[in-house]
Amino acid sequence: MSGATQTLRFRRPEAEKSSPKPKKLDRHAGILQDQLRRSDRAPWSPSFSLAFRILFLIRFATAMYSNIDDCDEVYNFWEPLHFFDKGYGFQTWEVSPQYAIRSWAYILLHLFPVRLASLVFGDDKRPAFFALRITLAAISTFAEVFLYRQVYEKVNNKVGRYLFFMLASSTGMWNASTAFLPSSFAMYMSTFAFAYSIVPSSSSNTYRTLAATISFAAGAVIGWPFALALSLPFVFEELFVFGADRVNASSRGNWMLARWKRLFGAGALAALIFIPVVGIDSLAYGKLAVVPWNIVEYNIFSDRGPNLYGTSPWNFYISNLLLNFNVLLPFSLISLPALVITYFVDRKRLGLVRPTSEESSPFTLLGLRLLPFYLWTTVLSLQEHKEERFMFPAYPLLCFNAAVALYLVRGWMEVIFIKATNSPYQASRSSIFRLFTTSVVLFSILISASRILALWYYYHAPLSLVYSLESQELPRLLNDSGLLPTPSRPVSKQRGETRETRIDLSPIKGFDLTLCIGKEWYRFPGHYLVPTGVRVDFVNSEFRGLLPGHFSENQINSSFIWPRPQTRFTPRTMNDLNLEQPAHYISVEQCDYLMDLDFPENAVSSTLEPRYATLTDVWEKVACRPFLDAAHSPLLGRVLWIPGETWRQMNSWGDYCLLKNRDKVENKIRKIRNEKNDNA
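The structure displayed is predicted, hence computed values, not measured ones. (Residues numbered from 1 in each chain as written. Predicted model: local features only at pLDDT ≥ 70, side-chain atom pairs only at ≥ 80, totals over all residues. Heavy atoms only, no water.)

**So, the packing of aromatic side chains**
Part 1 of the reasoning: Under the definition given, this model contains 57 aromatic pairs.
Part 2 of the reasoning: Ring centres of Tyr196 and Tyr207 lie 5.8 Å apart, and the angle between their planes is 85°; this geometry places the pair in the edge-to-face category. Here the residue Tyr196 occupies a position in helix α8 (residues 182-197), and Tyr207 occupies one in helix α9 (residues 206-223), the gap between them amounting to 11 residues.
Part 3 of the reasoning: Among the aromatic residues, those joined into a ring-pair cluster are Phe77, Trp78, Tyr106, Phe129, Phe130, Phe180, Phe185 and Tyr528.
Part 4 of the reasoning: Across the ring face of Tyr343, the terminal group of Arg347 is positioned such that the distance to the ring centre comes to 4.1 Å.
Part 5 of the reasoning: Stacked on the ring of Trp653, the Lys or Arg Arg648 has its end atom at 4.4 Å from the ring centre. (Phe/Tyr/Trp six-rings, centres within 6.5 Å; stacked < 30°, edge-to-face > 60°. Helix = DSSP H or I, 4+ residues; strand = E, 2+ residues; numbered from the N terminus. Lys NZ or Arg CZ within 6 Å of the ring centre and 35° of its normal.)

Below, the structure is given as structure tokens:
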């Protein structure tokens, strides 16, 4: 019977194993450390996810509404991409195989978004333009937010918060973030590299070295080789500065040898980026092409060089940066002097008071992170040929320097307040410091918003006019000639809303239309915004330099490896001396439409640049948009925008017009209509 005995055992219920909580970040572990309210909660700052969403909304608006400020963006990048994608477009001498100073590898990185848009929208090219811009907006957003969080965690919470709002609101970042330019790509990569290198170097952190080195190399090899200059402080720190290591005198030789081997190993790995870049460029040009070297050789060692395209005074970048960053520029320029002052008046702000000989001073570490912006600005200011886009790679660094300087100045105010009141407690309860930093950031945001709106209201006309051509004028031609299909009844989505009817513009090819550009050639927004079936050509003007020609339109057998062999053809009409080539012009009598700018209040005309808008016997205004006459407007009025008619009347205005050769276009309409009736 004992075998049938049952035993009950009671056990205490076991607690479920919970996953360990994530380690809370020490808000006082960064390079810069708060001295007041150290026990308080960290100031509010957006998480990575929230920061990305906020900033992407801003960058999305940038993609949709920003201007194209540089003709180099259109003719050297948008046009080659359009040629590869659609088979026609403008070609500059830089993209000729004879010179090969523009990288097809960089251009083709942007092919996927435009091809994806073509799959969705068919022959409508306009969505492809914005699809690429939105893609660039997303990349820039990720780089900026990554930098912000690194600064927030590794430097100081407040500095990170200042940096976020500076990046998000500045006019400079608005202009640079979605530009299809190698300097913008170099900006993305330099931002990633700088974010990785925010952490002090250490022998145990190999990932920092590798990630930063590859990022710097990608920006230089794929984008712009001169951007590698931004890496010099990083290289110096890797080779000679202890960083986060503590190194005694007896082991310094081995320590330095290990650091040098690690950096050169990372550099050798990063150099592999050359393989696909040189391979693609060599396929495109039909010969061995090392485009990064070609760029350096032309700009530095050539007897021709970029000075052919204009020179500027030494203070060009100071003026330009003031426009794009307003009050942030002075703060960025005082960041290193402010660090020196902080060493004497607020030394505890950087933690260590007297570092030993076995470790690096935090002042040295922070100084190395402030140095790249000074280095870049100085080198570019010494060059005679200057352009706004050259500063793009350093824009996020300018914001970082400004954020650090703002924080250090706030620290001085705290020190002065404590000395004046002899009460750290009162200082910790005072709102004057927060009010100061908030006022600086808000003032910068307001000025930047005014500047961004000025760029839209004053200079957006060229992009608006090509949209008027597509959305209004070409449908009217189809309607007048009887080729416009009868639209189906709009389908109601919700009460008060209708679904927009898309118009098929493909029959416009039968009109053989030509859109011409004269003196406004440098504001042409590119073929992606001109509907398929409309040819674009130049007419002669007072400009005596070399304008782009068309890529070869001869049918050449293509291959699967490289489908556009025309890129290997060397045009006879190209030169690198900026010498005018009359073969790139057509007669104005061949033009069906013309984009031109007229200033009625300050009219100027010549034989080659007549006031076409006033020649009403030939030209009819299809659409006009106001355009600022900057030469006859006051400085403040042309730099900023404020709502209201009073502010607008301060400035002088012109008319940026899309003009139609009335008789020529009407004859084509009648011809198409007659052919349609004959075939009926």
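From this point, the discussion proceeds with the structure in view.
**Quick notes on the environment of Ala229**
Part 1 of the reasoning: Inspection of the secondary structure assignment puts Ala229 in the loop between α9 and α10 (232-240).
Part 2 of the reasoning: In this view, Ala229 contacts Leu375 and Trp376; residues no more than four positions away in its chain are not counted. (Contact = heavy atoms within 4.5 Å.)

**Section: unusual backbone geometry**
Part 1 of the reasoning: The backbone of Ala100 sits at a positive phi, close to 50°, despite the residue not being glycine.
Part 2 of the reasoning: Structurally, the position occupied by Ala100 is in the loop between β1 (90-91) and α3 (104-108).
Part 3 of the reasoning: Phi angles above zero are rare outside glycine, and Asn326 is one such case at about 40°.
Part 4 of the reasoning: Residue classification places Asn326 among the buried positions, given a relative accessible area of 9%. (Buried < 20%, exposed > 50% of the residue type's maximum accessible area, 1.4 Å probe, protein only.)

**Points about the state of the cysteines**
Part 1 of the reasoning: Applying the stated criterion across every chain yields a total of 2 disulfides.
Part 2 of the reasoning: One disulfide in the model links Cys516 with Cys591; its S-S distance is 2.0 Å. Residues Cys516 and Cys591 are joined through a disulfide that is left-handed, its torsion about the S-S bond being -95°. Taken together, the positions of Cys516 in strand β2 (residues 513-517) and Cys591 in the loop between β4 (549-550) and β5 (593-598) put the pair 75 residues apart, joining distant regions of the chain. (Disulfide = S-S within 2.5 Å.)

**Digging into the nonpolar core**
Part 1 of the reasoning: Residues Trp104 and Phe400 are the most contacted members of the largest nonpolar core, which totals 149 residues.
Part 2 of the reasoning: Considering every element that reaches this core, the biggest residue donor is helix α18 (residues 395-421), with 13 residues.
Part 3 of the reasoning: Beyond its immediate chain neighbours, meaning those up to four positions away, Phe400 contacts Val151, Val155, Leu163, Phe194, Ile198, Leu366, Arg369 and Leu370.
Part 4 of the reasoning: Judged by nonpolar contacts, the second largest core, of 10 residues, contains Val539, Tyr612, Trp619 and Leu659. (Core = buried A, V, L, I, M, F, W, Y, C linked by side-chain atoms within 4.5 Å.)

**Structural notes on the pattern of salt bridges**
Should their charged atoms come close, side chains of opposite charge can pair.
Part 1 of the reasoning: Per the counting criterion, the structure on display carries 33 salt bridges.
Part 2 of the reasoning: Measuring nitrogen to oxygen at the nearest pair gives 2.7 Å for the salt bridge that ties Asp596 to Lys519. Pair noted here: Asp596 is in strand β5 and Lys519 is in the loop between β2 and β3 (534-538), with a separation of 77 residues, a long-range link.
Part 3 of the reasoning: Classification of Asp596 by relative accessible area gives buried; the value is 6%.
Part 4 of the reasoning: Judged by its relative accessible area of 23%, Lys519 is partly exposed.
Part 5 of the reasoning: One connected set of salt bridges, linked through shared partners, spans Glu473, Arg476, Asp480, Glu620, Lys660 and Arg662. (Salt bridge = Lys/Arg side-chain N within 4 Å of Asp/Glu carboxyl O.)

**Some details on helix α20 (residues 432-459)**
The periodicity of an α-helix, 3.6 residues per turn, causes residues three or four places apart in sequence to face the same way.
Part 1 of the reasoning: Over its 28 residues, α20 extends 40 Å from the first C-alpha to the last, a length consistent with the 40 Å expected when each residue adds 1.5 Å.
Part 2 of the reasoning: All of the buried residues in α20 are Phe433, Thr437, Val440, Val441, Ser444, Ser448, Ser450, Arg451, Ile452, Ala454, Leu455 and Tyr458. (Expected span 1.5 Å × (residues − 1).)

**Description of the sheet that holds strand β6 (residues 619-628)**
Part 1 of the reasoning: A sheet is described by the order of its strands in space; here 5 strands give the open sequence β3-β2-β5-β7-β6, paired in mixed fashion. In this open sheet, the two edge strands, each paired with only one partner strand, are β3 and β6. Across the sheet, the axes of successive neighbouring strands diverge by a mean angle of 25°, strand direction being ignored.
Part 2 of the reasoning: Pairing of β6 with strand β7 (residues 653-661) involves 9 bridges; the strand directions are antiparallel. Of the residues in β7, the one forming a bridge with Trp619 is Asn661.
Part 3 of the reasoning: Where α20 meets the sheet, its contacts fall on β6 and β7, and the angle it forms with β6 comes to roughly 160°.
Part 4 of the reasoning: Relative to the sheet, helix α24 (residues 662-679) contacts β2, β5, β6 and β7, its axis offset from that of β7 by approximately 40°. (Pairing = 2+ DSSP bridges. Axes fitted to C-alpha atoms, helices over the stretch in contact; angles between N-to-C directions.)

**Digging into empty space enclosed by the protein**
Part 1 of the reasoning: Evaluated as defined, the whole model comprises 2 cavities of 30 Å³ or more.
Part 2 of the reasoning: Each pocket or cavity is described by its volume, and for the largest cavity that value is around 110 Å³.
Part 3 of the reasoning: The wall of the largest cavity is formed by 13 residues, among which Phe194, Ser197, Phe234, Leu368 and Pro372 lie closest to the centre.
Part 4 of the reasoning: The set of elements that each furnish at least two residues to the lining of the largest cavity consists of α8, α9, α10 and α17 (362-382). (1 Å grid on protein atoms, 1.4 Å probe; cavity = no way out; pocket = protein on both sides within 12 Å on 5 of 7 lines; lining within 4 Å. Points joined across faces, edges and corners; volume = space filled by probe spheres on them.)

**Focus on the pairing of β5**
Part 1 of the reasoning: Counting buried positions along β5 yields 6 of 6 residues, so the element is predominantly enclosed.
Part 2 of the reasoning: As paired strands, β2 and β5 are joined by 3 bridges and run parallel to one another. Looking across to β5, one finds that Leu515 is bridged to Tyr593.
Part 3 of the reasoning: One ladder, built from 6 bridges, connects β5 with β7; its direction is antiparallel. Each bridged residue has a counterpart across the sheet, and for Tyr593 the counterpart in β7 is Lys660.

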